[in-house]
Every structure is written in C-alpha cells, then in structure tokens.
Amino acid sequence: MPSPKMSDELVLAGLGYKQEFKRHFGWLELVGLSFSIMCVVPSLSAVLVYSIPYGGPVSMIWGWLIASIFIVFIGLAMAELGSAQPTCGGLYYWTYVYSSDRYRNVLSWLVGYINTVGYISAMSGATYAFSLLVLSAATIGSGGAFTPTTAQIYALMVATLIALALIASVATKIMARMQLFFVLMNFSLFLGIIIALPLATPAEFKNSPGFVFGSFQNLSRWPDGFAFILSFLAPTWVVSVLDSSVHISEEAKNANVAVPWAIILSVVFSATLGWVANIVIAFHMGPNLEEIISDPVGQPMATILLHAFGQKGMLVFWFFVIITFAAGSMDALTAASRQLFAFSRDGAVPMSRFLYRLNRHTGTPVNCVVFSAFGGALLGLLVFVSPAAIGAVFTLMVICQYVTYSVPIVARFVGGKEFVPGPFTLGAWGGPVAFVAATFTIFMSIVFFFPSEPGPLVDEMNYGVVLFMGIVALSMVYYFFPVYGGRYWFNGPVLTIGANSSGHNIRNHSSEKGVEGVNTKVVDQ
C-alpha cells in the first residue's frame, strides 16, 4: 500500500500535474484555513449593514438560517467535486473535465478568469472592510473628533495589503501551523459575543423574544419579500469562498479526503455559529434599528458593542475583531494566490511564465501573492469614486463566486462526461443536492444584480453588475481576439507530468502553436 504522501502524488499525477508544493496541511489545518477565511464574528461585524435594513431581526435570524441551508447544499456539491479532483485549479479545472467538448475550452477560460478576479475582489473588499473597522475604532476612541478621509482609508488598505502579502508569502509549514491559532481567535470572539454581550448590555438595549424572532422592519424601499431575500447577502458574504480549501489541496495531506471535509465542516460551523451570534446580537442591540444604521460611526456592530461595553470595553473587543479579521484576510490572499498560480500553470493569463514560479526559499508562489495584492489595491481605487462604487466590490465577490460555483456543478450532470467519485461521495443523493445547489447559485446570482434600492440614485446603484460584466467582456475579448486570442491556443489544463493515469481527456498542449511554454522548475526570486 502506498504511503499517504505517495498516494497524494499519484492522485495529483492522475489529474495531469506533478507535485510542486510541500504538503504540510493536515485536515485540521485545512478546516482551520477555511474557517478562518469565513471569520464569522469579524465578517458579521462588517455586513450587519446588509441584514439590519432589509428586515431587522427576522432577516438577521430567519434569513440567515434559510440562506445557510442552501449554502450547505452548495458545500456538499462542491465537496464531491473536490474529493474527485483535488487540484488547486478547482472550479475551472472541474469545468473543463466535465463540460462537453464543444464548450469546455471557453467555459473553463471564463470560469478561471471570473474566479481569479472574484478572489482579488474578495481581497479588496476585505481590506476595505478592515480599514473601516480600524478607523471606526479611531473615531470612537477620539470621541468623534476624528473622521477619516478617503485618502486615509485607501492608504490603510494598501498598507494592509502589503503586510498581508508579506505574511502570506511564508513557507507552507509555517502557514499551516498558524491556522490552529486563528481558529482559537475566532472561537474566542464567538464566546465573547454569546457570553459577554448578554452580561454587559444595559436593560434598555435588551429586546424581547417576540421582537427578536418576529419583528420584521423593512428600512428599504423594496417590497418586504424582496427585501428579505436581499438580506441573504450577509450570510452569502460571511459563509463564502467555499472553494478556498480546494485551492490549498496540493499542499494538503490525504487531499481527496481532507478537502471535502474541510468544505463541509467550515460551512456548517460558520453558518451555525453565525446564526447563534445573530440571535444573541438581536437580543442585545436595542429596538431602534434606524439609530443603529445611521450612527455616525458607520459600523452597526461597533455601535451595539459601544452600548454594551462602553468606550474602553468596546475598543478592547474591537481590537480582537480587527486582528481576527486580518488573519482571515491573509488566508484569503493565500487561497487567491494558489488560484492564480494554477491558472498561470495552465498558461491562461498574461505573464504566465513569471507568475508560475515557486520561491526556492519558501516553496510558495510569491509572485502570485504580490500580484493578487496589487490587483486588490487597484480595485480599491474605487473608494475615490464613491461609497457605492467601492461597496460594489462586496457584491462582485459574491456574484463571481456563485456564477463559478454553478458552472461545474451543472456541467457534471449535463456535460456528458463520466464522473468518477472520490472517497467522499453522496451516492444517489448527489443529483438532488447538486440541483438544489445550482438552483440557489443561479437564483442568487440574479438577485445580486439588483441595486440596494428601487429606482436608484447614483449613490444607490449596484456597480457590482458593471464590474462583473466588465470582467466577462474583457475575458471574452481576450479569448476571441484575432490570431492571439485564447481560442487559438487555450485547450484547458496543461499536463506537467508525462502521463495522465486518470483517463481524462486532458491534452498536453504546452508546445502547441500560440502557447508560451511555462517554467515548471522551482526558481529563485
């Protein structure tokens, strides 16, 4: 019987790739990374502004629960794919393998670009939210005397991206060891919410069970039903990047088992903890929702904590929120760099030769880390356009994720290709689960095209739609561009190993006309 290390290398070889990363992530570290990226309490702090206005307590609790059930279905469908094909290319690789011969190239190309930009937008949105968390603490600490400028917000975003890129470039072994500490921080914050908040909140800010579980307050101009659906943005943003562990699969031990369970456990834990945290917050946020939303601090969670703990106590709690959020953002940058590395390995992006490199000292794709952080900084320039423009980065991330989730899930059943399950399989339930998952992803992809208010003014527009369509348009222009476009040379994943034992029809086209050869050696940077 081959050793686990040899088994992982054989599985990867069956997918057409040679082993290049060091495998230091066990199943627990992989779960920790996915859970850390979701970072329930800090992320919830950043998105309360999306759940409170669209129904108040009812949307916070029941909207979260309903959306979470569907998100679990997505996680199960992706876990099956991740067990069958554990490669850091993930979604675009699965799209190629399971789509029909006629459409596999263009679909794989499109999914790869949307997923890559989606991760970069996640980094931009996360660092923007992080900057707001930090600067809101400065505002509260100064008693409202300090109001950050747009330039200060962006400067902190860039500084944060630089710091995260430095940390995300460390060796895989160090990265894996950090995950358990990150998980501990997340659980500590959760316990702080469910234990300390009830004890510290004054009586005037405590709500009754009837208010918490039955009060629907729509502060938007949308009809109540659609407002409730719009509140799904909160759980879909928090319990997100479900494919993060897939992008670390080539650094994981026993990947075809660890990856699916990392997806499932992180989704279930995050959704459950988020639901409980929402209930506790709803009980202790006070009945005046308009006051919470319109508070000059600009952070509903900060206002709630300020009412409970006072200025000093709130700032201490907020410090741990900020640190935990930074850890999750760093893990997200790590996953983003692996997606970019995989897509560059297959020669699909400009500068693939430069990006497809591992640092000889750390064994990590430092160039991809830096490029992903730089892309996040470029998207962050939207902060100078308007709050609505930079806010679109949040919806862009969710749209990109849900569109790219749906394609391989659907392709597996309609592409006419054989699906060979891995160790984790849903058996006969795979089809129904995939149907529910695909239906929800497609439905929510459409919902998130809508603006925050009907008949929107300029500052209420959903510019995420513009950004998403821009991504699709540019990638398609590049694909169909005469002579030099991807249609003339991109034929899906490129073999980096001599044989493909899985039997999948993946061609070694690295020497075909129009495809620039990629460097498969570990190089010094």
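Every chain is numbered independently, its residues counted from 1 as its sequence is written. Local features in this predicted model are restricted to residues of pLDDT 70 or higher, and side-chain atom pairs are both shown and tallied only at a pLDDT of 80 or more, whereas totals for entire chains, interfaces and linings draw on every residue. Computation of side-chain values: all heavy atoms of the structure, hydrogens and water removed.

1. A short note on the environment of Ser352
Piece 1. If you trace the backbone, Ser352 turns up in helix H16 (residues 352–355).
Piece 2. Sequence-wise, Ser352 and Ser294 are 58 residues apart; in three dimensions their C-alpha atoms are separated by 47 Å.
Piece 3. Each polar contact in these results corresponds to two N or O atoms within 3.5 Å; when the atoms are within protein, one needs to be able to donate a hydrogen and the other to accept it, and residues that are neighboring in sequence are counted only if both atoms are side-chain atoms. Within the structure, Ser352 has its side chain in polar contact with the backbone oxygen of Val349 (distance 2.5 Å). Numbering goes from the N terminus for both helices and strands, where a helix is a DSSP run of H or I of at least four residues and a strand is a run of E of at least two.

2. Thoughts on the pattern of salt bridges
Piece 1. In the sections that follow, a salt bridge refers to a side-chain nitrogen of Lys or Arg positioned within 4 Å of a carboxyl oxygen of Asp or Glu. Tallied over the entire structure, the rule returns 5 salt bridges.
Piece 2. Among the ionic pairs, Arg104 bridges to Asp101, the shortest N-O distance being 3.6 Å.
Piece 3. A salt bridge links Glu250 to Arg345, with the nearest nitrogen and oxygen atoms 2.8 Å apart. With Glu250 in the loop between helix H12 (244–247) and helix H13 (255–283) and Arg345 in helix H15 (residues 300–345), this residue pair connects regions lying 95 residues apart in the sequence. Pair check on accessibility: Glu250 and Arg345 agree, each one buried.
Piece 4. Among the ionic contacts, a cluster of salt bridges with common partners joins Asp101, Arg104 and Lys417. Here the term buried applies to any residue with accessible area under 20% of the maximum for its type, exposed to any over 50%, and partly exposed to those in between, with areas from a 1.4 Å probe on protein chains only.

3. Quick word on the confidence of the model for the protein
Piece 1. What pLDDT conveys is the predictor's confidence in a given residue, as a value from 0 to 100. With 94% of its residues at a pLDDT of 70 or more, the protein shows a mean pLDDT of 88.
Piece 2. Element-level pLDDT for the protein is lowest in helix H1 (residues 4–14), with a mean of 79, against a maximum mean of 96 in helix H4 (residues 57–84).
Piece 3. Of the regions scoring below 50 in pLDDT, residues 499–525 engages in 68 contacts with residues more than four places distant in sequence or in other chains. Contacts were defined at the residue level, with two residues in contact if any of their heavy atoms lie within 4.5 Å.

4. Looking at the state of the cysteines
Piece 1. Our working definition of a disulfide is a cysteine sulfur pair at a distance within 2.5 Å. For the structure shown, the criterion picks out 0 disulfides.
Piece 2. You can see Cys88 has no disulfide; the closest cysteine sulfur is in Cys368, sitting 9.5 Å from it.
Piece 3. With no disulfide of its own, Cys400 has Cys368 as its nearest cysteine by sulfur position, at a separation of 18 Å.
Piece 4. Using a relative accessible area of 1% as the deciding quantity, one classes Cys400 as buried.

5. Examining the side chain of Ser68
Piece 1. Mapping Ser68 onto the fold places it in helix H4.
Piece 2. Apart from the residues within four sequence positions on either side, Ser68 is in contact with Pro235 and Ala271.

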